[in-house]
Amino acid sequence: MPGISRRHLLCSGLALSASSLLARSAWGRTASLLAGYPGIASAEALAALPPREQLLFDFGWKFQFGHGTDPARDLGFGVSQGDFAKTGDFDFAKDKFDDSKWRVLNLPHDWAVELPFIRDEVQNSHGYKPVGRRYPETSVGWYRREFEVPASDEGRRITVQFDGAFRSVLVFVNGSFVGRNDNGYAPFRFDLTDFLVFGQKNYIVARVDASFGDGWFYEGAGIYRHVWLTKTDALHLGKWESTVRTAVSGNSATLSLGAVVENEGKMAENARVSWQIIDAAGKTVATAEAAAQSVAVDGTITFIATAKLANPALWSVDAPNLYSAIVTVEAGGKARDAERVSFGVRTIRFDADKGFFLNGKPLKIQGTCNHQDHAGVGAALPDRLQWFRLGVLREMGGNAVRTSHNMPTPEWVEACDRMGMMMMCETRQMNSSPEGLAQLEAMIKRYRNSPSIILWSIGNEEWHLQNDQAEEGAKIAATMVRRAHELDPTREVSAAVNGTNEKGLSDALDIIGFNYNLKYPDDYHKKNPKRPLYGSETASAIATRGMYSTDKLRNTVSAYDIDPVPWGETAEEWWKFYGTREWEAGGFAWTGFDYRGEPTPYGWPSINSQFGIVDTCGFPKDTFYYYKAWWGKEPVLHVFPHWNFEGREGDEISVWAHSNLDEVELLVNGKSLGSQKVPHLGHVEWKVKYEPGAIEARGSKDGKVVLTEKRETTGPATAIRLTADRSEVNADGEDIAILTVEALDSQGRLVPTANNLVSFKVSGEGSLIGVGNGDPNCLESDKEPKRSLFNGLAQVIVQCTRKPGEIHIEAVKEGWAGPELMPAKLVVTTKHVDPRPFVPVPIHHD
């Protein structure tokens, strides 16, 4: 809303037991959706087909901090203004450089999450981490890697691709500077061919400078996404230039196929391109071929063809059917390059009167906005964690996500494609400058074949371009929209606007998105009845998991969702608005997950937001069940709060129930307080004088009790329980197990107020990579092997090695008052799999 925004404001145990079980059940649903797929390899890895090689370049890097202002503490870099005067001058990227004291690590890596919290209000929105120009000693990092390129690769093109690094990156190979990148979210790549020594050792170094930021939220620091080494023939397909566009008509679909072939060889080539369309079962269902064309030296040629699919299996949120197109370039009688392009067949349409349609059927967008960090790991998420997070949102009934406010990692998009989650895909920079357009182009080219993406977004809350610089905003947006349509004529373009949408950049948009202020959409719809509308950002409801009163001294917010921020709405308020207007396409709640930074509504010691429907670990807050009731398809009954209010005997406690059943009855210690009809898109509540014992909710449908839930007053914590999302993981060096840590009383009930410190020991074929508890005010390390429980729960993330065996996890008490506890133990099996191809890690013998 104009004049105020988040950025302006910021210059018994059963319920929780069910929440912890939810994460496991969410993963179970996720796992079932992955059946038949080759693990959770990213789209980047799946794309490569012989003779191309696509090698994961994540393992065996070395790291040390540099310095943002002192060259002497920055490998001598910048001592002279002539550092870039001569190619080959950089000794830190040569064989004789001594990196023996550098730290060995694997990517992805976020060094910011490893740093201590500091009380500096300038760093408020970035999570109180010492990163930025005022912290030069922790804002620059160096990564170094030795690797070999076989002599047999001579004549091929070798490129390195970074899926994302934060933020300003200089890349050096064998002493030579090869390129730079200056944004934290778009991928970037460099051709290394001319700099390599074939058949010998080579050295790559990346200097990553996080002194400047791209956003106003936690962004991490370092190479926090995957790195790839790609080897292709000199005649090869253009990067992200293969497209499959689908048009459905009746019981068939027409595929418009396109590919670009590049020739970096020494002579012209007569090339042809063929396509093989494969369904999810691996059956070839269509083929196509483009006529041969001559590709000149240093030239590029576009090849096109069409194919027909009879009775295509459509992609939808309930049945995310996918196809693959095998694209092959042939010349000289053999295949020279090939790749696999994943796509789906579906139709999408935004209608000004009827909302959004998927495959010709109306569908409300039930979405959440999400940043990309998670407890324990910051911005450096293992791939499996992307799927886990999406599984939590799916369990809630969500069918869409918005990538706030940047180009997402490929694994997030891949998960959406395969799990049936629609996406509003957003670029970071609303700008028609060469850099802004380059970021937009990279995003659209990279993801335009993904069926999950229903809408491109060119920006978020650019109030200058909406208001005092509206004329410039209109021109910038028009240029960006035009370029988006050129790159992808199949999708419409929008932006997230916190204003009236009546001037400036909104003029150029295909679809109008509103951030907050429920007055604006109605007024706009009356004036502009032909323009489709949706909620690009809504709610900003705040809550602290497991806390049932707002306490400004403790920086907690009531979980009843009754105190919205000034610019936002409660969950019920926004969904009653968007869910009941036929012409509204739906919307995206801010946010699905809590995230680091923007510690609304408090400052220090709050270090993350409280906007999430689930916390930073993915443990649900009570509002989760409101959405599950009204967005999901299954009967829901959730009663809260817990029933552990020692010292408040006789006080009046609000008891709420979220349900989509007809009515709910509440019993307190066996005595009925009566039944209430459940209002559509609402909740029911009672006022109860607290006395220890139990509250029980009974939900009825058509006069019959179909669900019951009980909250009991528990005893003190006497035991720890460890449970994992899966008992078996892949021994590929990447896979993870996500453990829930719970405090139980003597009867095995989760203690919903337990906040005890627990230590962890991990041994065998795995290691601890992060811990968390969802407490927005917890200043404990995300990397040390210990964590306080927060209202009964904590999370541990362990990652496997590449050797099959077992990971042993043990939780032991630390500083625990009360009876002696036997340690909780858990074993996770790591099974043999063929890992995706990776660059071998050098072995050094002393």
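Everything numeric in this text was worked out from a predicted model, so none of it was measured.

Thresholds applied
- Residues numbered from 1 in each chain as written.
- Predicted model: local features only at pLDDT ≥ 70, side-chain atom pairs only at ≥ 80, totals over all residues.
- Heavy atoms only, no water.
- Helix = DSSP H or I, 4+ residues; strand = E, 2+ residues; numbered from the N terminus.
- Rg over C-alpha atoms; globule rule 2.2 N^0.38 Å.
- Lys, Arg positive; Asp, Glu negative; His and termini not counted.
- Charge placed at Lys NZ, Arg CZ, Asp CG, Glu CD.
- Pairing = 2+ DSSP bridges.
- Axes fitted to C-alpha atoms, helices over the stretch in contact; angles between N-to-C directions.
- Core = buried A, V, L, I, M, F, W, Y, C linked by side-chain atoms within 4.5 Å.
- Buried < 20%, exposed > 50% of the residue type's maximum accessible area, 1.4 Å probe, protein only.
- Contact = heavy atoms within 4.5 Å.
- Phe/Tyr/Trp six-rings, centres within 6.5 Å; stacked < 30°, edge-to-face > 60°.
- Salt bridge = Lys/Arg side-chain N within 4 Å of Asp/Glu carboxyl O.
- Expected span 1.5 Å × (residues − 1).
- Arc of directions from axis to C-beta.
- Parallel < 35°, antiparallel > 145°, perpendicular 65-115°, else oblique.
- Left-handed = near helix turned anticlockwise from the far one by under 90°.
- Nonpolar A, V, L, I, M, F, W, Y, C, P; charged D, E, K, R; others polar.
- Disulfide = S-S within 2.5 Å.

### What to know about the overall build of the chain
Scanning the chain from terminus to terminus reveals 11 helices and 46 strands. Scaling as 2.2 N^0.38, a compact globule of 846 residues should have a C-alpha radius of gyration of about 28 Å, and the chain matches this with 27 Å. Seen through its C-alpha atoms, the chain measures out along the principal axes to roughly 90 × 65 × 55 Å. Here the chain contributes 92 positively and 108 negatively charged side chains, and the mean placements of these two sets differ by 2 Å.

### Quick word on the sheet that holds strand S2 (residues 53-56)
Strand order in the open sheet formed by 4 strands is S2-S11-S6-S9, and the pairing between neighbours is antiparallel. Since the sheet does not close on itself, it has two edges, and those belong to S2 and strand S9 (188-191), each with one partner. When the angles between neighbouring strand axes are averaged without regard to direction, this sheet yields 20°. Direction of pairing for strand S6 (residues 157-162) relative to strand S11 (residues 227-232): antiparallel, over a ladder of 6 bridges. Of the residues in S11, the one forming a bridge with Phe162 is Val227.

### Observations concerning the sheet that holds strand S33 (residues 663-668)
Across a sheet, strands are paired by hydrogen bonds formed along the backbone, either parallel or antiparallel in direction. Pairing within the open sheet is antiparallel, and its 4 strands lie in the order S34-S33-S36-S37. Looking at the sheet topology across the chains shown, the edges are occupied by strand S34 (671-677) and strand S37 (704-712). Strand-to-strand twist of the sheet, defined as the mean angle between neighbouring strand axes without regard to direction, takes the value 20°. Sheet topology places S33 next to S34; 5 bridges connect them, and they run antiparallel. Note on S34: the bridge partner recorded for Leu667 is Ser672.

### Section: the nonpolar core
Within the largest apolar cluster, 92 residues are counted, with the highest numbers of intra-cluster contacts made by Ile458 and Tyr627. A total of 7 residues in this core trace back to one element, the largest contributor, which is helix H11 (residues 623-631). Residue contacts for Ile458: discarding those within four places in its chain leaves Thr427, Gln429, Met430, Leu440, Ala477, Met480, Val481, Val493, Ser494, Ala495 and Leu509. Listed in part, the 44 residues of the second largest apolar core include Phe63, Ala112, Phe147 and Ala210.

### Let's talk about the packing of aromatic side chains
Tallied over the entire structure, the rule returns 46 aromatic pairs. Pairing Phe77 with Phe172 gives two aromatic rings, centres 6.0 Å apart and planes at 80°, and the pair type is edge-to-face. Of this pair, Phe77 sits in the loop between strand S3 (61-65) and strand S4 (103-105) while Phe172 sits in strand S7 (residues 168-173); the two residues are 95 residues apart in sequence, bridging distant segments of the chain. Residue classification places Phe77 among the buried residues on the basis of a relative accessible area of 12%. Phe172 sits in the buried class, given a relative accessible area of 0%.

### Side note on unusual backbone geometry
With omega at 0°, the peptide bond leading from Leu107 into Pro108 counts as cis. As for its placement among the helices and strands, Pro108 is situated in the loop between S4 and strand S5 (140-149). Although it is not a glycine, Ser540 sits at a positive phi angle of roughly 55°. Secondary-structure assignment places Ser540 in the loop between strand S29 (533-539) and helix H10 (571-578). Judged by relative accessible area, which is 0%, Ser540 ranks as buried. Of note in this structure, Asp702 is not a glycine but carries a positive phi near 55°. Tracing the backbone shows Asp702 in the loop between strand S36 (694-701) and S37.

### Thoughts on the pairing of strand S41 (residues 757-764)
Side-chain positions along a regular strand alternate between the two faces of the sheet. Direction of pairing for S41 relative to strand S43 (residues 786-788): antiparallel, over a ladder of 3 bridges. Within S43, the position partnered with Ser759 by the bridge is Lys786. By the bridge criterion, 7 bridges tie S41 to strand S45 (residues 805-813) in an arrangement that is antiparallel. Bridging across to S45, Ser763 finds its partner in His808.

### Focus on H10
Most of H10 sits out of view: 6 of its 8 residues are buried. When H10 is considered as a whole, its buried residues turn out to be Ala571, Glu572, Trp574, Trp575, Phe577 and Tyr578.

### Re the pattern of salt bridges
Scanning the entire structure with this criterion turns up 55 salt bridges. Note that Glu582 is salt-bridged to Lys354, the shortest N-O span being 3.2 Å. One end of the pair, Glu582, is in the loop between H10 and strand S30 (584-590); the other, Lys354, is in the loop between strand S20 (348-351) and strand S21 (355-358), with 228 residues separating them in the sequence. Two residues, Arg596 and Asp782, come together in a salt bridge whose shortest N-O distance is 2.7 Å.

### Section: the pairing of S6
Among the 6 residues in S6, 6 count as buried, and that is most of the element. Burial along S6 is two-sided: the face carrying Arg157, Thr159 and Gln161 and the face carrying Ile158, Val160 and Phe162 are both buried. The pairing of S6 with S9 spans 4 bridges and is antiparallel. Looking at the pairing, Phe162 lines up with Phe188 of S9.

### Some words on helix H8 (residues 470-487)
Taking 1.5 Å per residue, 18 residues should reach 26 Å; H8 reaches 26 Å between its end C-alpha atoms and fits that length. Those residues of H8 lying buried are Ala470, Gly473, Ile476, Ala477, Met480, Val481, Ala484 and Leu487. Seen along its axis, H8 keeps its buried residues to an arc of 130°; they face one direction. Of the residues in H8, the exposed ones pointing more than 90 degrees away from the buried face are Glu471, Lys475 and Glu486.

### Some details on the packing of helix H4 (residues 383-395) against helix H5 (residues 410-419)
As a packed pair, H4 and H5 sit with axes 9 Å apart at the nearest point and diverge in direction by 45°. Taken as axis vectors, H4 and H5 run oblique relative to one another. The two elements H4 and H5 meet at a crossing, and its hand is right-handed. Across the interface between the two elements, Asp383, Gln386, Trp387, Arg389, Leu390, Gly391, Leu393 and Arg394 of H4 pack against Glu411, Trp412, Glu414, Ala415, Cys416, Arg418 and Met419 of H5. Of the residues that constitute the contact of H4 with H5, the class distribution is 7 nonpolar, 2 polar and 6 charged.

### Points about the environment of Val79
Along the chain, Val79 falls in the loop between S3 and S4. Sequence separation between Val79 and Trp240 is 161 residues; the distance between their C-alpha atoms is 39 Å.

### Notes on the state of the cysteines
In total, this model carries 0 disulfides according to the counting rule given. Cysteine Cys369 remains unbridged, with the sulfur of Cys416 as its closest cysteine sulfur at 13 Å. Judged by its relative accessible area of 0%, Cys369 falls in the buried class. Cysteine Cys778 remains unbridged, with the sulfur of Cys617 as its closest cysteine sulfur at 9.7 Å. Overall, the relative accessible area of 6% leaves Cys778 in the buried class.

### Remarks on the packing of H10 against H11
Between H10 and H11, the shortest axis-to-axis distance is 11 Å and the interhelical angle comes to 20°. Taken together, the axes of H10 and H11 are roughly parallel relative to one another. Of the two possible hands of crossing, H10 and H11 adopt the one that is right-handed. When H10 is examined against H11, the residues Ala571, Glu572, Trp574 and Trp575 are found in contact with a partner set consisting of Thr623, Tyr626, Tyr627 and Trp631.

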